[in-house]
Each structure stands twice: as structure tokens, then as C-alpha cells.
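What follows is each chain in one-letter form.
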Amino acid sequence: MSAQGPDEGFVDPLEGDEPLLAARVHRPSDLVRLLVGTLGIVVVLAIAAFAHGTTVGLESDIREGTGQAPDLLIKIAGLVSSIAVLLVPVAFAIERLIKRDGLRIADGVLAAVLAHGVTLATDLWVARAASDTIKDALTMPQGAGGTFTDPVHGYLAPVIAYMTAVGMTRRPRWRVALWVVLLLDALAMLVGGYTTPFSIILTVLIGWTVAYGTLYAVGSPNVRPTGQTLLAGLRRVGFQPVRAMRAEEEPELPEHNDRGRRYLVTLEDGGPLDVTVVDREQQAQGFFYRVWRRLTLRGITTRRSLQSLRQALEQEALLAYAAIAAGANAPKLIATSELGPDAVMLVYEHIGGRSLDALPDEEISDELIRNAWQQVRALQSRRIAHRRLAGDALLVDRSGSIVLTDLRGGEIAAGDLVLRMDIAQLLTTLGLRVGAERSVAAAVAVLGGDAVADCLPLLQPIALTRSTRATLRRLGRERAQREREAVLAASKAAKEAKEREHEAAKAGNPVEAAAGERIKVGAKVSAAKADKAEKKAEKRALDVALDEAREEDLLSQIRGQVLLIRPQAPVEPARLERIRPRTLVSFIAGAFAAYFLLSQLTHINPAKTVADAQWGWVAVALAFSALSYLAAAMSLLGFVPERVPFLKTVLAQVAGSFVKLVAPAAVGGVALNTRFLQRSGVRPGLAVASVGASQLFGLGSHILLLLAFGYLTGTEKTPEMTPSRTVIAGLLTVAVLVLVVTAVPFLRKFVVTRVRALFAGVVPRMLDVLQRPQKLFTGIGGMLLLTGCFVMCLDASLRAFGGAESVSYASIAVVFLAGNALGSAAPTPGGLGAVETTLTLGLVAVGVDKEIALSSVLLFRLMTFWLPVLPGWLSFNYLTRKEAL
């Protein structure tokens, strides 16, 4: 049964319990605890691996402190705890079964089984693969037989996982019993020498993490309040509800997930009520987004990422009272109450109406827009920030006035920055509906020109809500599509006009075909000049068409309207980001780089390595590394028909060595070269196509060279020219993959779509290059020279440590090409880790000693990856200042 009121929209009546609530829910809070537990495990293992002195000192201090305890007392504690650690879970299970809560017991048993499996895997890893420092921190020797204690206690971790999953820790009495038993058991094992402190900590973390991982995976029993609970809660605060109807809303955006469930409640006497119910699950929604905003935005106070229900209740109530006291139209809060331990409700007077998003464009009058600004002026007069002035937060009531809703994320005693962000947000919200001119005019009429002009530095996407940013991105894609269509139409018209001119010229001069040889040569020269002039004219026509089709985005239009009123207004965007994504990626990349470099250097003796190196070959390796940037510039310019300065292209390739630190090898170079070509005057579409053509030719040459050198490597040890079994196996593997791709419809469609997109942009660019053999020769020659430089650099690195005598150039080339391919596919910046590992294993496989191979690879990476970083940074800054990037 459903009913529809004049203002409320579609609603479903509640008959007792609400049937729409799911039996189990995946709580974001469980995911947060899972991630925190995983991070704790990583930290414990990191301390055990790198802080050996700390772990030894901690164990000595604990052993000295516990050694003074009476032996009899320790034995009694161990006996009691070993029995209680099994009896307590069984007792709790019996209690839950009596109360018919068997699902919780099932969740606990599943978590215990998974925790036991994780402990077994951890024990196996520590015994066979972990470093000696981790073994020393997690195990203790037992007797003279060379045996050790278990790194993780196989019975304790499942018990912790079980008790956490069934919810024992949320019950005070059972929680006290649990921790008393755990502390006694840990103390008995530590004093008896059966474990270490880090083993105890790791055991607890594994049990705790596995429990919450299990709960998030299978879901927890839904404890959200039902319709009966809501009605009972309303009766407790003095209302006499007749029925409550759940408001049927549109799918919520991620930033709206914590807004609560809305109800329309009908009373026995009096008007209806709007009730919002917020529970713990909804409180945790958007946790990661709020954490990210708190970390990345500077000077902006956001509400706590993890609020308690009472804190959320108090904040919303405070904002509701403050908004009304300031003179703004806001829903009147008349009651609040808790609905058990996991939910709260807020009761408002009912306001019938429609949101601004649901209002047709023709009904949005100038008076309505000014009324919206008047509400914001009332809030800002008392320094109250709304923080989310999107269209769904502006309600138009029956009288045609704006009511500010969704005040829960607001802020009192707000700073100037946040207040100006509210103005920027409402300018954008209204501009999306009525245009920049009407939005700015209404704002200036109500707030004044100076207040509106002051918000211009905040008029940037990062200061807006997530829904507004998504709308702006969608409009940007539509605008770009219209520009592409206009350019394509202009190009098509130019080609048709060119064909008509050729046909007219051919039809009007039939005698030219029978002219003498000298006339033919002159005609060819004239035709070449005319063709060049026609291409220039076509390019100018496309540029004119692009300029005519180019549209300003909404934010630029708003800035323009404000500058018409206040020409001296500041327009430079304010720095709102505390941590930019690029900075964060750089930090993570640097951490990974330091880890991989340090882990590799621990296997060699640096002093001995430097002393054994032949510095002449080191200089040769450095020379080939420097020559590779010239080759890279040639390989790029060979696929760009337009004129681009060669020296700046070389500097751009050097700058790419710095970009590798913050992006994977296959991504950073492509983005930088595309940007460089655009700044050099190449149109965006053609720049992308040129870089794509270069990458396509590079991929093809890489595969051909790998097969060719692999073939030569296989024939080195055989008298007849027959390929090795490895090459044959590789070819067969490729053939099988091709057959699988063509046989599976989904894969075939995926590949065909990608290939079609490739041929749509890159292949026409390649055809343009093929008409200029000199350019094509430059591009292919640059690619071959680039590969040769890297191969010779690796060979010189081997010779610097005396490891190239027994290895052929073909084998070194195969090792480099394979390592470079894996490094390009690896997600780490510059292929860190993947390149070093592959090159080292490859050199060992072709007969190089392990120590020499590792030293040679480190020298090679020093020459080609680490040393160019500083010149790359200088080149990047230079090209940026020259507006070439």
C-alpha cells in the first residue's frame, strides 16, 4: 500500500516492523576496524624487523619484572586462565542460544576458524620465510633440540576472534571476564618463557582483525530501529502517533549516506511531524571521505570523522536552534530522543514543499533566488556556516519561501574562509539552474558586491560539495563533446571544399594532362606548394572552428560576471589543499623507493663493491645513460609532423626521469609528453595521437627485438640455427592467449573496443607520419638507439664488476627487454622493485654470479633512474617556468 501527499512525494506506510530493512548489513565501522587492525599488524612486524634492539630490551625488561612474581601464584594463574579461556566462550554461547541468538554464535565460529587458518599461515611464514629479527621477536628457544615456541598462539587468536565476532566485548560483565582471562594467560606464558610480548600483541591483533573482517564480509545482524521502535520512542516524548510513513527518496549520494532516514508521522491531534532517525551504521557512512577532506583541506574545520550518536544529535540540535535564532528559515526542532543504544531521532515540525532540485526551471524566479540569499545572509550575520548549500538542501515551502534544511554538517562561530565557501557554493548551485548572470545579480543585490567578490578565490571545485563537482564534470564532458563535434564538422567541410576545388580545376584544365615534361614538373612543384598552403588553411580553419565552439565553464562565467561588477576583485584561487594528491603519491613513492633500495643494499657490502668497481666502465655506463635522452627525443619527434624544438624535447625527456618518481613508468612519460606537445602548439587530439603512435611503434619494436634476441640467444649454444625451447614456449603461450581472447565473447568485445579506439585516433596520425619518410626514419631510429643505449649501459655496468665476459650481448638484451616490460607494467613509480628483481634474476639465469648481478643492476638503476632525478627536477621546473609543461 502506498500513499502520496501533495508535498511529501511517494511514501510507504509502516505496518509494525519495517519490512524494507535488510536482515544483515555491512557496517563501514567494521571495515574501519579491519583496516586499523591490519595496519597494527604491519606496524608490529615492521618494529620486529627493523628495531631488533628495542624488541630485545623490551623482552628483558618484562622478563625481569615478571621474574619476581611468586612461582606458585604464576602456576595457579596459568591453570585458571587456560581453563577459563575455553569456558568463558562456551558460557557466552549458551547464553546467546538461550536468547535465540544463534546467528551471532555462527559468526563467531566462522571467525574462529578463519583466525586459526591465519595463525597457521603466519607460523609457516615466520618459520620458513621471515627474517631472523622477526623470528627472534616472535619466538623463544625451547630446550636443547633447536625447537622454538609458536609465533602466534593457535588457540588464543581463535578465541579472541570468536568473542569479538559474537559481540562479547560490548557487554560490560563479559568484557571484564574476557580481559581478566587474557591478561592472566599472557602473564603466565610470559613468565614461563612460552611466548614473547610481540607474539602476544600479534595474536590479539590477528584475532581482532579477522573478527571484524568476517563481520564485514558476511554482514552483522541489523539493529536499526524498526517502525514499532520509532512509534514507541515518539510516545515516550509525549506524542500520540497514529502512523509513520517512510519517505521514499532518490538513491543517496555518498556524501548523503549519513543524513538518516526520514519519516512523516501523523498524530492523533495536531499537525504532522518530520522525524529523522540516525543509527550507528549511517553514522559511519562517508568515513573515508571525511577523513580525506580533513587531511587534504587546510584552514577548514570539518566535523569529526567518527562521531558518537549523542554528539551527532547535539550538533544537529544546536545548528537548528542557532539558525532559527539568527532569523533564517529552518525546520523547527521540537524534540530529540534516543531509540535504544544504536539510534537517535530528531523530531521537526512538518514543512511541506519541494527541493530546489525538484523544482522546474520556469518556477525559479528572481524573487526566489534572492530569498535564498537572504537566508544565507541571516546565517552569516551570526557567523553560522551551512557547509552544504546544494539544491536538495534548499526546500521551497508552500508560500514560495526558501527553507534551509540538512543543517547537520554546519558550523557555528565559523571562520571567514568557511563563510566565503558557502557563498561560492550557493553561487554555483544557483548558477547550475538559472545561469551565472542571474545567480551573481541576486547575490550582489542581497550581500553586496564586496562580499561576493571576496569569494572568488574560493570558487574552485575542491571547495564545492561532491554532488556539485560531479555535475560540473558531467557538463565539462558534454562541452568537450560539442567542441569535438564542431571541429569534426569543420574538418569535414574543409575536405569537401578541397575535393570540389580539385574537381573544378581538373575539369577546367584538360590540356594540362597532355603538356610536355617540363610543364609536368612545374605543375608538380606548384601542386606541392598549393597542397602545403591548403594544409595551412585547413589548420587555420580548424583553429577558428575550435575557438568558435569553445565554451566557458560555469565557474569561469561566474568569475566573469563578478569582475564586471568588481574589476579589481582577486581571482587567484586560494590554496585550500594541505596535501595534494601528487604530494601524497610522491611521499608514498619515496617510501617504497627507500624500502626497496635499503632492502637490496643489505645484501651487499658497499665498501667492497665500490672498491671492486672499474670506474672506466662506470663512466661508459653514464655516457650511454645520457645518450638515451637524445634517443628518446628522436623517438617522440619522429611521430610529430609539426615543428617542435629538439632541445626542449630533450629537456622534456630528462624531466620525465623526475616524473617517474611520482607515477608508474607507463603513465608518467605519456602524460608528460602529451602535455609538452600541447604546450608546443600541437592540438590536444593530435598530441595524444602522436604519443599514442610512438607508444604503439615502441611496443611493436620491443616485442620484435625481444623475439629476435631470444632467437639469437637460443642459437648460441647449438650448431644449427634453431630457436630455443623458451622462445617456442613463449610463442605457443601467445598463440593460446590469442585463441582464448577470440573465443571468449567478453574478452573479444573488450579487445575489439580498445583496438577500434586505437585505430580511430592513432592510426590516422601514423598515416600522416608515413608520408614523411624522414620523420619515420627518425622515430624508428630513435627507438632502436634508445634500446641500444640501455643495453649497452647494462653491459657496461656488468663490465664494471667483471661480469660480462661470459654473457653475450643478445642475452643482456633479452634480460633488459624482459625487465623493462615488467617494470612498465608494475604499478610502482619507475617500476621500482619489479625492474631490479627481474634484471637480477635474468642475469643470474644467464650465468652471472648473484653478487655481481645485484651490484650491476644497482649500478644500472643508479645511472638510469636515480642520478637523472636531480637534472629531471631542474628541467621540469625550467620547462614549467617557460610554460612548456
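Residues numbered from 1 in each chain as written. Predicted model: local features only at pLDDT ≥ 70, side-chain atom pairs only at ≥ 80, totals over all residues. Heavy atoms only, no water.

Side chains of strand S13 (residues 394–397) alternate between two faces, with Leu-394 and Val-396 and Leu-395 and Asp-397 buried alike. Examined bridge by bridge, S13 and strand S14 (residues 402–404) share 3 bridges and lie antiparallel to one another. For Leu-394, the partnering residue across the bridge sits in S14 and is Leu-404. Remark: 4 residues form the turn of the hairpin made by S13 and S14, two consecutive strands paired antiparallel; Gly-400 in that turn has positive phi of roughly 85°. (Buried < 20%, exposed > 50% of the residue type's maximum accessible area, 1.4 Å probe, protein only. Helix = DSSP H or I, 4+ residues; strand = E, 2+ residues; numbered from the N terminus. Pairing = 2+ DSSP bridges.)

For the rest of this paragraph, the subject is the confidence of the model for the protein chain. Averaged over all residues, the pLDDT of the protein chain equals 75, while 66% of them reach at least 70. In this model residues 716–728 is a low-confidence stretch, pLDDT under 50, and it forms 15 contacts with partners more than four residues away in sequence or in other chains. (pLDDT = per-residue confidence, 0-100. Contact = heavy atoms within 4.5 Å.)

This part is about the nonpolar core. The biggest cluster of nonpolar side chains holds 51 residues, and the ones touching the most others in it are Trp-373, Leu-427 and Ile-558. Mapped onto this core, the elements with two or more residues apiece are helix H12 (309–325), helix H13 (366–381), S13, S14, helix H14 (416–434), helix H15 (436–447), helix H16 (449–453) and helix H19 (554–565). With residues up to four places along the chain from it excluded, the contact list for Ile-558 reads Leu-427, Thr-428, Ala-436, Val-440 and Leu-459. In terms of nonpolar packing, the next biggest core, distinct from the first, is built from 27 residues, Ala-621, Val-835, Val-848 and Phe-860 among them. (Core = buried A, V, L, I, M, F, W, Y, C linked by side-chain atoms within 4.5 Å.)

Among the surface-exposed residues, Leu-627, Leu-630, Phe-646 and Leu-785 lie close enough to one another that they form a single nonpolar patch of about 300 Å² accessible area. Relative to the helices and strands, Phe-646 is located in helix H23 (residues 646–659). (Patch = residues over 30% accessible without salt bridge, like charges linked within 9 Å, V, L, I, M, F, W, Y side chains within 5 Å. Areas by Shrake-Rupley, 256 points an atom, 1.4 Å probe, with all protein chains shown as cover. Salt bridge = Lys/Arg side-chain N within 4 Å of Asp/Glu carboxyl O.)

Take the environment of Gly-400 next. Structurally, the position occupied by Gly-400 is in the loop between S13 and S14. On the accessibility criterion, Gly-400 (35% relative accessible area) is partly exposed. Separated by 33 residues in sequence, Gly-400 and Glu-367 place their C-alpha atoms 9.3 Å apart.

This paragraph deals with the environment of Ala-708. Take Ala-708: it is sitting in helix H25 (residues 684–715). Here Ala-708 falls in the partly exposed class, since its relative accessible area comes to 38%. As for Ala-708 and Ala-810, which are separated by 102 residues in sequence, their C-alpha atoms are 8.8 Å apart.

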